[in-house]
Each structure stands twice: as structure tokens, then as C-alpha cells.
Amino acid sequence: MEKKAIFVLLFVTALLILYQPTTQAQTTIISVTNTGDDKGPGYYGYPTNDVFKAGVFRITKFEVITTDTSVIFKTYFSNLGGNPWNGPNGFSMQYVQIYIGTTASGILTRTDTYGLNIALRYDYGWHFALLLAPGWGTGPVPQDQRAALYYSNGTSVVQNGDFKVYAETDKNSIVAEVSKKLLTDIDNISKWKIVVAVASYDGFGPMKVRTAGIKGGEWVLNATQTASQDLIPKISKAITKGIEPRVLGLVVVSPEYPNGITANQQHEWLNSYDPDKGLLAIVPAFAPTILTTTLTTSIPYTTSIPYTTTVTTTVTDWSTAAGLGIVMLIIGFAVGYILRRPKAT
């Protein structure tokens, strides 16, 4: 009886060990709280329907975390706003797009975005992008409504076991958990250039992004809620041409912006669109260039300077010297002759 009890105890212990949930160690590589605001270029407002709770587009923190097998991207909000339309991924309101430029070389880069009406600065071109949608349908967003990972060559991975998207409602965060085997350059995450943008998800909107209107509406962003009067013509023309930014919140993390960005930077960058030239806003905006020019001027001229040069030359007249020598020699012989001549007796 005792042996049977011992066997049962050992069997139960083995089962507990085998089926004990395992947790992987997590390392936070990036964590920033400087995350702009939810006013887009500085003057946008939410649609008027009550479903759009305050703070649902206000990013408060962004993190990149690694485990042994995955890279986890977490975007936190002031308020997820619940899940009023029962999105399969646990959220309904937000459309988070994450664009990543790695340090890898020899890979195609792109500067376009999916329906945001912004372009990335050339040196922030992306190698892969995460489009985190609420998750209806079966195909990848924006053709359908499932979250997708896009590579710069146009191929994509629809969310699955290697690419999970879900909400942490207790933390007001939207999470993308991506298997390391789907990514590249994972040893240099701290050097990646990452642009995170949140738009308002609209399953019926262009590219699944909610648009902005000059006065807004129940289901339309208000593009002029706090805009000054001098900006309204520019905004109106941009909406008419369909190039108004459709981004509410923005985060940029890179070696250039290791601590994220301020609300003022977000406003400046998203307000850099030019409807007269049909140009989208650039993120990050181009830094002002201070041009230093060295001017070298050649002036041809000819100057005549009068001058007098006195040259002293010593000349020896050898003909005169020779004649004088001969005369002296004759005189010498004569004197010698006179002196040596015998005297008379």
C-alpha cells in the first residue's frame, strides 16, 4: 500500500513538473514616454460620436522587448476605450502602424506608409512594417482586416502563431509579438529607426484609415478643432487634394531621437505638408541646413614699378698692367746693370 502511494505521489509530481508553465526572460531594449500627443499636426480633434473616449489615440509609452524567441512591440494609450465593436484582437478604435529601418545593408527600403498621408524621411526608410488592426476578416490589412507584417519587397505575413497581436486591457496597451525568425538584425535593435503612428481605424475608410474633415463630424476627424484662422485655407486645400495627415499620435525612436519626441516636434513634422505643391508631410522633418560658403575671387591686374639699379663692377685692364710690368722690368735690369758695373781704376 505504501509503495502504491509513493508511486502515485511521484507520478503526480512528474506531471506537475512537465506541465508547469514556462516563462521566458524578457529584456527591455527600448522604452520611451516622450510620445507626442493625440492632436495630429497640433489642431486635430476626435469625431463627435460618444464611442471616441478621451485619450484613445494618446500614446503614453512605447516599448520594444526581447525574449529568447520573440521581439515584442508594446504601444500604451491613455485609454483603449474598451472594445465597442468587438475586434478579435481585443481593441476596436486604434490602428497602430510601426515602421522599422534596421542597420542591415543591401535591403530595399521604402518611405511610403499605408494610408497615413505621410512619408518617412529618406534615411528612415523601412525594411518591415507592422500594421496592427483590430483583426476582423481573414486576409491582411489593408486589403482585408487582419493585422499584417509587411516586408519592403511587398511580401506579407498575416497574424498567426509566429505573429501575434492582442490587447492588454489592464495596461491599455496593444501588443505585437513577432517571432525572431521573421525578423532580421535583431542584435542591433537599439540602433533601429522606428516610427510609430496611430490612426483611427475605419473598416470603410481608404486603406482602413479614418479621414479628416474641415469641420469634422460623427465619424470624421475634426481637422480644424484648434487651428488658427490663418491655417484654415491650407488645411482646406489639403483635404480637397486628399493629402491631409491622417495621424493622431506619433512616436519616433532612433539614435537621433533616443528619448522619443515632444508634442511640438510632432506638430511641426505633421504640419510640414504643402498642398500647393501636393507634398505630404515628412517624418521626421528635414533638419535645417546651415550653408557655409567660402568665396574666392581672383582679380587680374598688371602693375609697372619704375626702379633704378646701380651695379658696381670691378674691371681689371690687363693690357695696361702688362705694359707697366714690362717697363718696370726694363728699369729693374738697368738699375741692376749700373750697380753691378765694375768701377774704373
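Every chain's residues receive numbers from 1 upward, in the order its sequence appears when written. Confidence filtering applies because this is a predicted model: local features only for residues at pLDDT of at least 70, side-chain atom pairs given and counted only at 80 or more, and all residues used for totals across whole chains, interfaces and linings. The basis for every side-chain value is the complete set of heavy atoms in the structure, and neither hydrogens nor water enter the calculation.

Numbered from the N terminus, helices here are DSSP runs of H or I no shorter than four residues, and strands are runs of E no shorter than two. Scanning the protein for helices and strands turns up four helices and 17 strands. Under the scheme applied here, a residue whose accessible area is under 20% of the maximum for its type counts as buried, over 50% as exposed, and between as partly exposed, the area being computed with a 1.4 Å probe on protein chains only. Across the 345 residues of the protein, 42% fall into the buried class. For the protein, restricting intrachain contacts to residue pairs at least 6 apart in sequence, the fraction spanning at least 24 positions comes to 65%. Summing over all exposed atoms, the protein offers an accessible surface of approximately 19,700 Å²; the carbon and sulfur share of this is 58%. Between two residues, a contact is recorded if the distance between any of their heavy atoms is within 4.5 Å. Here the accessible surface of atoms and residues is derived via Shrake-Rupley with a 1.4 Å probe, and residues count as covered only by protein chains that are part of the display.

Time to look at the pattern of salt bridges. Salt bridges are identified by distance alone: a Lys or Arg side-chain nitrogen within 4 Å of an Asp or Glu carboxyl oxygen. Counted under the stated rule, the structure contains 10 salt bridges. One salt bridge connects aspartate 123 with arginine 121, and the closest N-O pair in it is separated by 2.7 Å. Overall, the relative accessible area of 28% leaves aspartate 123 in the partly exposed class. One salt bridge in this structure joins aspartate 162 and lysine 181, with 3.5 Å as the shortest N-O distance. In this pair, aspartate 162 is assigned in the loop between β9 (156-158) and β10 (163-168) and lysine 181 in the loop between β11 (173-179) and β12 (193-200), connecting sequence segments 19 residues apart. On the basis of relative accessibility, which here comes to 27%, the residue aspartate 162 falls in the partly exposed class. Judged by its relative accessible area of 63%, lysine 181 is exposed. Taken together, the shared-partner salt bridges in this structure form one network comprising Arg121, Asp123, Lys193 and Glu256.

Consider a sheet: its strands pair through backbone hydrogen bonds, and that pairing is either parallel or antiparallel. Being paired, for any two strands, means DSSP has found at least two bridges between them. The strand order across the open sheet built from five strands is β1-β3-β4-β11-β10, with neighbouring strands paired in antiparallel fashion. Either end of the sheet is taken by a strand with one partner, and the two such strands are β1 (27-32) and β10. The mean angle between the axes of side-by-side strands here comes to 15 degrees, regardless of whether they run parallel or antiparallel. The pairing of β10 with β11 spans six bridges and is antiparallel. Its bridge partner being in β11, glutamate 168 is matched across the sheet by serine 173. In this analysis an axis means a line fitted to C-alpha atoms, helices contributing only their contacting stretch, and an angle means the value between N-to-C directions, from 0 to 180 degrees.

A few words on the confidence of the model for the protein. In the predicted model, the protein carries a mean pLDDT of 85, and the fraction of residues at 70 or more is 76%. Here residues 12-21 is modelled with pLDDT under 50, and outside its nearest four sequence neighbours on either side it reaches zero contacts, counting other chains as well. The pLDDT value expresses, per residue, how confident the predictor is, ranging between 0 and 100. Note on residues 337-345: pLDDT under 50 across the span, and zero contacts to partners over four residues away in sequence or across chains.

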